[in-house]
Amino acid sequence: MEKNMEKNIKNKLDGAKLAILSNRLGGICRKMGNTLLRTGRSGVLNRAKDFSCCIVTRDCELLTAEESLPIHVLSGPDLMAKSMHEFHPKLEKGDVFLHNSPYHGDSHPADHTLLMPVIDGHGEHHFTLLAKAHQADIGNSIPTTYHGTARDVYEEGALIFPAVQVVKNYETIEDIIRMCRMRIRVPDQWYGDFLAMLGAAFIGERELLSMGEEIGWDTLHNFTEQWFDYSENRMIAAIQSMQDGTGVAQSTHDAIPGTPKEGITITSKVTIDTKRAMIEVDLTQNPDALACGLNVSEACTRTSAMIGIYNSVDNTVPKNAGAFRRVKLHLKDNGVVGVPHHPTSCSASTTNLADRVQNSTMRAMAEISDGLGMGEIGCFCPPSTSVVSGTDPRNGKPYVNQLFLGHTAGAGAPFEDAWMTMLHAGNGGMCYIDSVELDEVYTPLRVHTRRLIEDSEGAGRFRGAPGIRVELGPVNCRMEAGFVADGNIHIPLGARDGGPASRSDQFRLTVKGELQRLEQCSQVWIEDGEVLVSIACGGGGYGDPKSRDPERVLQDVREGIVSRNRAEEVYGIVIDDNMEIDKTATQSLRA
């Protein structure tokens, strides 16, 4: 025992070394991500940045995931790494595995992931690298990666790869490539993205092997243990600064084909125990899996609950397996959110219902005390984020790409207004909004309008983001657009007396100027001369609007986010004709 204590003391790294090694490992993830951004073929990667890179330990625990999308990484990499070990007990240097199975740890089938074990010259496995990239097309039965009405994975149609070996001894296995190229509508685009992912994995391996040789593998594994302990202690302190208690909240997704007519209500029960320094989330009181594509994978259910928690945690607390020791999740077996069974479809697993898990969890935390939780983040997936497809008249070639043309969605928080370009709850604002000009260059479409909608924000002490209107249409061709919109009926709610955001909507503007409302879950052709109109939700507010700082209200009025009438009626702030606060009238109104 004394020898072990001496060894632990000798191997203990000081705070400076922990910080340096943490940043160096994070830098590897950033290099991998930069490779994907600069070499990806599709707009999903090189314009929208819908990808993530991370490192897990040899024991399949998340170590670091710098600059990644939360929905991709908080849970899932650990589960996928375990499935890699299960299906391939003997790992060798130069192996890479393709994974997109939601039944074995991936988020949803559209998120192709490459796993590469980092193995030294002696054949010892030390870490596993993951490069995950959302695909514009994966061979679904319809040209979209969000098949909301798919009754099962067979109707969904995606090729499913449960940790299938795609590279051996650094050589690509062409059989797998040929399968994908035959099934996917834009094979060259997919293959370009695949090579970008592979390049990211190879660069990550090169950097990690070099780091291991420089610093020593024992030191790196030592760091991992101590970093996890440090992260757990930071999480303990964060939880102990919170209010004890239990909160329950619900968030309802609009009905689409395959769901109950009243929609799908998600219930989250959150318990904060400061004495034990634990947060528990119970998601077991939710419906069974449904015959549609909205079911949420285990990875996304776990991740969504953790996003709901971490939005109330000091943002300097590391997000890794050490901090996760202080979170306990209760999931329903074969639930619509929980642990799905094959062949349940999880086509839209990362967005629609996953967002409702996050929103109900955040509002449940807000029920416990002021200073926790958030309003509800705006609903995904409006037509402005459609997967569009067709034949490009400029070259006669087929195209498929997901647009990220405009979705604000951010919710009011306890101490600040919404993040304007959140996109959706699981994204965390990490994706980019598309450049109008680049979308028009690469896709035969024209964007006619992109503007914020006045008086559409969730009012509050701290307000939600306003909604956004986007109008687009094809140029010299017809265009197919697929989307699974939420928030037409069940709008994003506020927290702690905060107000809701305005509803979403979707229309076709015909060549005759008629505005036709579209089904919110649609796969629709937009003809040449027609316009697809998208109205996307903002986010709910936090706290009583009447307690909002008058100067913030004035600034919103000056920027056109809030009208003078709404400022007076909802916020109790009177703005005069000179665009200044009428202090006497305001004091009387707020009395």
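Residues numbered from 1 in each chain as written. Predicted model: local features only at pLDDT ≥ 70, side-chain atom pairs only at ≥ 80, totals over all residues. Heavy atoms only, no water.

Q: I tried to follow empty space enclosed by the protein on my own but got confused; where do I start?
A: To find leftover empty space, a probe the size of one water molecule is rolled over the atoms. As enumerated under the stated definition, the model contains 2 cavities of 30 Å³ or more in all. Put simply, the largest cavity is a space of about 100 Å³. In this structure, the largest cavity is lined by 16 residues; those nearest its centre are Asp 50, Tyr 146, Thr 350, Thr 351 and His 424. In terms of lining residues, the second largest cavity is bounded by Ser 52, Cys 53, Cys 54, His 72, Val 73, Pro 77, Met 80, Thr 113, Leu 130, Ala 131 and Lys 132. Elements that contribute at least two residues to the lining of the second largest cavity include exactly strand 1 (51–57), helix 4 (70–73), helix 5 (77–87) and strand 5 (125–134). Counted by class, the lining of the second largest cavity contains 7 nonpolar, 3 polar and 1 charged residues. (1 Å grid on protein atoms, 1.4 Å probe; cavity = no way out; pocket = protein on both sides within 12 Å on 5 of 7 lines; lining within 4 Å. Points joined across faces, edges and corners; volume = space filled by probe spheres on them. Helix = DSSP H or I, 4+ residues; strand = E, 2+ residues; numbered from the N terminus. Nonpolar A, V, L, I, M, F, W, Y, C, P; charged D, E, K, R; others polar.)

Q: I'm lost on the pairing of strand 14 (residues 387–392) in this one. Help?
A: For a regular strand, the rule is simple: side chains alternate between the two faces of the sheet. Among the 6 residues of strand 14, 5 are classified as buried, and the element is accordingly described as predominantly covered. Pairing analysis gives 6 bridges linking strand 14 to strand 15 (residues 397–402), with the strands arranged antiparallel. By the bridge assignment for strand 15, Ser 389 is matched with Val 400. Pairing of strand 14 with strand 18 (residues 479–484) involves 3 bridges; the strand directions are antiparallel. (Buried < 20%, exposed > 50% of the residue type's maximum accessible area, 1.4 Å probe, protein only. Pairing = 2+ DSSP bridges.)

Q: Help me out: how do you make sense of helix 10 (residues 298–310) in this one?
A: An ideal rise of 1.5 Å per residue puts 18 Å on 13 residues; helix 10 measures up with 18 Å between its terminal C-alpha atoms. Among the 13 residues that make up helix 10, 12 are buried, leaving the element largely enclosed by the rest of the structure. When we look at burial in helix 10, the residues that qualify are Glu 298, Ala 299, Cys 300, Thr 301, Thr 303, Ser 304, Ala 305, Met 306, Ile 307, Gly 308, Ile 309 and Tyr 310. (Expected span 1.5 Å × (residues − 1).)

Q: What should I look at first to understand the sheet that holds strand 15 in this one?
A: Paired through their backbone hydrogen bonds, the strands of a sheet run either parallel or antiparallel. One open sheet accounts for 4 strands, arranged 15-14-18-21; its pairing is antiparallel. Because the sheet does not close on itself, it has two edges, and the strands there are strand 15 and strand 21 (521–526). Between one strand axis and the next, the sheet turns through 15° on average, direction left out of account. (Axes fitted to C-alpha atoms, helices over the stretch in contact; angles between N-to-C directions.)

Q: Before we go on, may I ask you to explain the side chain of Ser 360 in this structure?
A: One can find Ser 360 in helix 12 (residues 352–368). Among the residues examined, Ser 360 registers a relative accessible area of 0% and is labelled buried. Among the polar contacts listed, one links the side chain of Ser 360 to the backbone oxygen of Arg 356, at a separation of 2.9 Å. Sequence-distant contacts of Ser 360, defined by excluding residues within four places in its chain, comprise Ala 249, Gln 250, Ser 251, Ile 266 and Ser 268. (Polar contact = N/O pair within 3.5 Å; in protein donor to acceptor, adjacent residues only side chain to side chain. Contact = heavy atoms within 4.5 Å.)

Q: In this structure, what is going on with the nonpolar core? I would like to understand it.
A: Most often, soluble globular proteins keep nonpolar side chains buried together rather than apart. Ile 55, Val 166, Leu 208, Met 235 and Ile 272 are the most contacted members of the largest nonpolar core, which totals 135 residues. The dominant element in this core, judged by the number of residues it contributes, is helix 8 (residues 187–215), at 10 residues. Setting aside anything within four residues of it in sequence, one finds Met 235 in contact with Ile 309, Tyr 310, Val 313, Val 317, Ala 323, Arg 326 and Val 327. Counting residues in each nonpolar core, the second largest holds 11 residues, with Ala 459, Val 557, Val 562 and Ile 581 among its members. (Core = buried A, V, L, I, M, F, W, Y, C linked by side-chain atoms within 4.5 Å.)

Scope: geometric values only; no functional claims are made or implied.
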